[in-house]
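Fold and contact review
Each chain, letter by letter, is given below.
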Amino acid sequence: QLQLVESGGGLVQPGGSLRLSCAASGRDFDVSGIAWFRRAPGQAREGVTFINSRGNTYYADSVKGRFTITRDNSKNTAYLQMNSLKSEDTAVYYCAAKASMLRRWTNEREYESWGQGTQVTVSS
């Protein structure tokens with residue numbers, strides 16, 4: 001089981017960019033799928049993006065073309081590059097991991113490990 005720590009959140013203006021990091025400790029990072037979820041105020045947590053161990057990626061429709069997930073196995077770290085940010089992107093962002101095969105990456109119950117989250121606020 002991995003231990004995950006998010007960083008990189010903060011306040012950014014609409015249209016701006018932010019890069020989040022998810023640092024993992026443990027043995028299974030290379031074979032794990034990594035997801036980013038987010039929870040907006042008063043809303044349910046939703047899947048944002050996912051990258052599997054082979055580097056295949058998946059995105060929620062709301063962030064396609066604006067967000068990019070990557071991973072650097074040598075650093076045991078995954079990243080979320082967020083561009084063209086909107087006020088609707090304001091949320092606490094969480095990374096999550098699972099070493100075994102997923103049924104649906106958008107199902108938060110699939111994941112074994114979670115970080116504590118990092119706040120992203122998009123406001124002028």
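Residues numbered from 1 in each chain as written. Predicted model: local features only at pLDDT ≥ 70, side-chain atom pairs only at ≥ 80, totals over all residues. Heavy atoms only, no water.

**Quick word on the sheet that holds strand 8 (residues 77-82)**
Just so we agree on the cut-off: DSSP-based pairing: two strands are paired if at least 2 bridges between them are found. By the criteria applied, helices consist of DSSP H or I runs no shorter than four residues and strands consist of E runs no shorter than two, each listed in order from the N terminus. Between N-to-C directions, angles cover 0 to 180 degrees, with each direction set by a line fitted to C-alpha atoms, over the stretch in contact for helices.
Here four strands make up an open sheet; going across it, the order is 1-3-8-7 and the pairing antiparallel. The open sheet terminates on both sides in strands that have one partner only, identified here as strand 1 (3-7) and strand 7 (67-72). On average, adjacent strands in this sheet sit at an angle of 15° to one another, irrespective of strand direction. Pairing geometry for strand 7 and strand 8, over six bridges, is antiparallel. Bridge assignment links Thr 68 to a residue of strand 8, and that residue is Gln 81.

**Regarding the packing of aromatic side chains**
Heads up, the rule is: For Phe, Tyr and Trp, where Trp contributes only its six-membered ring, two rings pair if their centres lie within 6.5 Å, and the inter-plane angle classes them as stacked under 30 degrees, edge-to-face over 60, or tilted in between. Each residue gets one of three labels from its accessible area relative to the maximum for its type: buried under 20%, exposed over 50%, partly exposed in between, using a 1.4 Å probe on protein chains only. Should the NZ of a Lys or the CZ of an Arg lie within 6 Å of a ring centre and within 35 degrees of the ring normal, that charge is described as sitting over the ring.
Following the criterion strictly, the structure yields six aromatic pairs and no others. On the numbers, 5.5 Å between centres and 80° between planes, the contact of Phe 37 with Tyr 111 is edge-to-face. Of this pair, Phe 37 sits in strand 4 (residues 33-39) while Tyr 111 sits in the loop between strand 9 (91-98) and strand 10 (113-114), and the two are 74 residues apart along the sequence. Residue classification places Phe 37 among the buried residues on the basis of a relative accessible area of 0%. With a centroid separation of 5.1 Å and an interplanar angle of 55°, the aromatic rings of Phe 37 and Trp 114 are classed as tilted. Residue Phe 37 is found in strand 4, and its partner Trp 114 is found in strand 10; the two are separated by 77 residues along the sequence. Taken together, the ring pairs connect Phe 37, Tyr 94, Tyr 111 and Trp 114 into an aromatic cluster. For the cation-ring pair, Arg 45 lies above Trp 114, with the distance from its terminal atom to the ring centre recorded as 4.1 Å. The ring of Phe 29 carries Arg 71 above its face, with NZ or CZ at 4.7 Å from the centroid.

**Some points on the pattern of salt bridges**
The condition that has to hold: Salt bridge criterion: a side-chain nitrogen from Lys or Arg within 4 Å of a carboxyl oxygen from Asp or Glu.
Scanning the model with the defined rule gives six salt bridges in all. We note a salt bridge from Arg 66 to Asp 89, for which the minimum N-O separation is 2.8 Å. Of the two residues, Arg 66 sits in the loop between strand 6 (57-59) and strand 7 while Asp 89 sits in the loop between strand 8 and strand 9, which places them 23 residues apart along the sequence. Like Arg 66, the residue Asp 89 is buried in the burial classification. Residue Lys 98 pairs with Glu 110 through a salt bridge whose shortest N-O separation is 3.1 Å. Of this pair, Lys 98 sits in strand 9 while Glu 110 is found in the loop between strand 9 and strand 10, placing the two residues 12 residues apart along the sequence.

**Focus: the nonpolar core**
Most often, soluble globular proteins have nonpolar side chains that are buried together. Put simply, the test is: Only buried residues count toward a nonpolar core, which is a set of Ala, Val, Leu, Ile, Met, Phe, Trp, Tyr and Cys residues joined through side-chain atoms within 4.5 Å.
Judged by nonpolar contacts, the single largest core of 26 residues is most densely connected at Leu 20, Trp 36, Phe 67, Met 82 and Tyr 93. Contributing elements (two or more residues each) for this core: strand 3 (18-25), strand 4, strand 5 (46-51), strand 7, strand 8, strand 9 and strand 11 (118-122).

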